[in-house]
Amino acid sequence: SHTLDRSKQWYQRRVREGEEDLSNLGCISCGRCKLCKTFLRPATSVTSYNTTASFPIRSTLTCATPYHIYIIRDTVCGLDYIGHTEDIKARWANHKSHIKRYVKSCELATHMQSHTLDRSSLALFDRDLSCQLELIFIEQVL
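Let me begin by describing the structure that accompanies this report. Predicted model, so just to flag it, every value in this text is computed and none were measured.

**Regarding the overall build of the protein**
Okay, step 1: Along the protein, the regular secondary structure elements total 5 helices and 7 strands.
Okay, step 2: Evaluated residue by residue, the protein yields a buried proportion of 37% over its 142 residues.
Okay, step 3: Sequence separation of 24 or more characterises 59% of the internal contacts of the protein that already satisfy a separation of 6 or more.
Okay, step 4: For the protein, the accessible surface area stands at approximately 8,100 Å², while carbon and sulfur atoms represent 52% of it.

Pasting the structure below:
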């Protein structure tokens with residue numbers, strides 16, 4: 001938590017001194033792809049369901065940004081899943097596929113087996129899943 005406090009102080013100082021352009025920061029939707037239109041929640045910060053700690057998103061992150069740290073929020077159960085990937089679109093497709101096919105490849109896929117989802121078609125599955133999960137890009141790591 002000491003590191004988090006120092007990070008927040010650094011960020012707040014940069015904003016105060018005009019070094020940080022807040023208009024471009026955060027998780028931003030491209031508005032064109034299915035991932036952004038259906039599952040992405042644009043945000044400038046994220047608050048953990050688990051700890052209630054709030055973290056600012058200190059860079060501009062889109063679906064085209066490589067090397068994401070991301071959070072998937074189960075809005076029904078109030079749970080967070082944190083992951084990282086080089087290609088968010090491929091990783092999201094993998095998460096969805098495993099949830100749809102009951103593959104227990106990660107905590108998210110295992111947890112989602114307890115949810116009621118219409119798996120009869122991709123459109124119905126996406127509709128149900130988008131009502132229960134939201135994706136937020138947190139940070140880029142290189």
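**Observations concerning the pattern of salt bridges**
When the charged atoms of two side chains with opposite charge come close together, those side chains can pair.
Okay, step 1: Taken as a whole, this structure holds 6 salt bridges when the rule is applied.
Okay, step 2: When the shortest N-O distance is used, the salt bridge between lysine 34 and aspartate 126 registers 2.6 Å. Of this pair, lysine 34 sits in helix H2 (residues 34-38) while aspartate 126 sits in helix H5 (residues 122-130), and the two are 92 residues apart along the sequence.
Okay, step 3: Using a relative accessible area of 46% as the deciding quantity, one classes lysine 34 as partly exposed.
Okay, step 4: A salt bridge links aspartate 128 to arginine 127, with the shortest nitrogen-to-oxygen separation between them at 2.8 Å.

**Remarks on the side chain of serine 48**
Okay, step 1: By the element assignment, serine 48 lies in the loop between strand S2 (45-47) and strand S3 (54-56).
Okay, step 2: Among the polar contacts made by the side chain of serine 48, one reaches the main-chain amide nitrogen of threonine 51 at a distance of 3.1 Å.
Okay, step 3: At a separation of 3.2 Å, a polar atom in the side chain of serine 48 contacts the side chain of aspartate 80.
Okay, step 4: Apart from residues no more than four positions distant in its own chain, serine 48 is found in contact with Ala53, Arg73 and Asp80.

**A few points about the packing of helix H3 (residues 88-100) against H5**
Any two packed helices are characterised by the angle at which their axes cross and by the distance between the axes.
Okay, step 1: Their axes nearest at 12 Å, the elements H3 and H5 cross at an angle of 105 degrees. Judged by the inter-axis angle, H3 sits roughly perpendicular to H5. Residues Lys96, Ile99 and Lys100 of H3 form the contact with H5, whose participating residues are Leu122, Phe125, Asp126 and Leu129.
Okay, step 2: Of the residues contributing to the contact of H3 with H5, the split by class is 4 nonpolar, no polar and 3 charged.

**Side note on the sheet that holds strand S6 (residues 79-85)**
Within a sheet, neighbouring strands are paired by backbone hydrogen bonds and run either parallel or antiparallel to one another.
Okay, step 1: Taking strand neighbours across the sheet as the criterion, the 3 strands line up as S6-S5-S7 in an open arrangement whose pairing is antiparallel. Single-partner strands in this sheet number two, and they are S6 and strand S7 (133-140). Averaged over all pairs of adjacent strands, the angle between their axes in this sheet comes to 25 degrees, without regard to strand direction.
Okay, step 2: Its contacts with the sheet put H3 on strand S5 (68-74), S6 and S7, and the angle it makes with S5 is roughly 30 degrees.

**Overview of the side chain of arginine 119**
Okay, step 1: Looking at where arginine 119 falls in the secondary structure, it is placed in the loop between helix H4 (107-112) and H5.
Okay, step 2: At 3.1 Å, the side chain of arginine 119 forms a polar contact with the backbone oxygen of isoleucine 99.
Okay, step 3: From its side chain, arginine 119 meets the backbone oxygen of lysine 100 in a polar contact 3.1 Å long.
Okay, step 4: Once you skip the residues sitting within four places of it in the chain, arginine 119 turns out to touch Ile99, Lys100, Tyr102, Met112 and Phe125.

Definitions and limits used
Position labels on residues start from 1 in each chain and follow its written sequence. Given that this is a predicted model, residues contribute local features only at a pLDDT of at least 70 and side-chain atom pairs are listed and counted only at 80 or more, while totals for whole chains, interfaces and linings are drawn from all residues. By convention in this description, side-chain values take in all heavy atoms of the structure and omit both hydrogens and water. Only DSSP runs of H or I covering at least 4 residues are called helices, and only runs of E covering at least 2 are called strands; the numbering of each starts at the N terminus. When a residue's accessible area, from a 1.4 Å probe over protein chains only, is under 20% of the maximum for its type it is buried; when over 50% it is exposed; and in between it is partly exposed. We call two residues in contact whenever any of their non-hydrogen atoms come within 4.5 Å of each other. Surface accessibility in these figures is a Shrake-Rupley result with a 1.4 Å probe; residues are shielded only by whichever protein chains are displayed. Criterion for a salt bridge: a side-chain nitrogen of Lys or Arg within 4 Å of a carboxyl oxygen of Asp or Glu. N or O atoms closer than or at 3.5 Å make up a polar contact, with two conditions inside protein: a donor-capable atom paired with an acceptor-capable one, and, for residues adjacent in sequence, both atoms drawn from side chains. Axes here refer to lines fitted to C-alpha atoms; in helices the fit is confined to the stretch in contact. Angles between the N-to-C directions go from 0 to 180 degrees. Oblique is the label for every angle not falling under 35 degrees (roughly parallel), over 145 degrees (roughly antiparallel), or within 65 to 115 degrees (roughly perpendicular). Gly is placed with the polar residues, together with every amino acid not listed as nonpolar (Ala, Val, Leu, Ile, Met, Phe, Trp, Tyr, Cys and Pro) or charged (Asp, Glu, Lys and Arg). Here, strands pair whenever DSSP counts at least two bridges between them.

In short, the description is geometric, and any link to function would need to be established separately.
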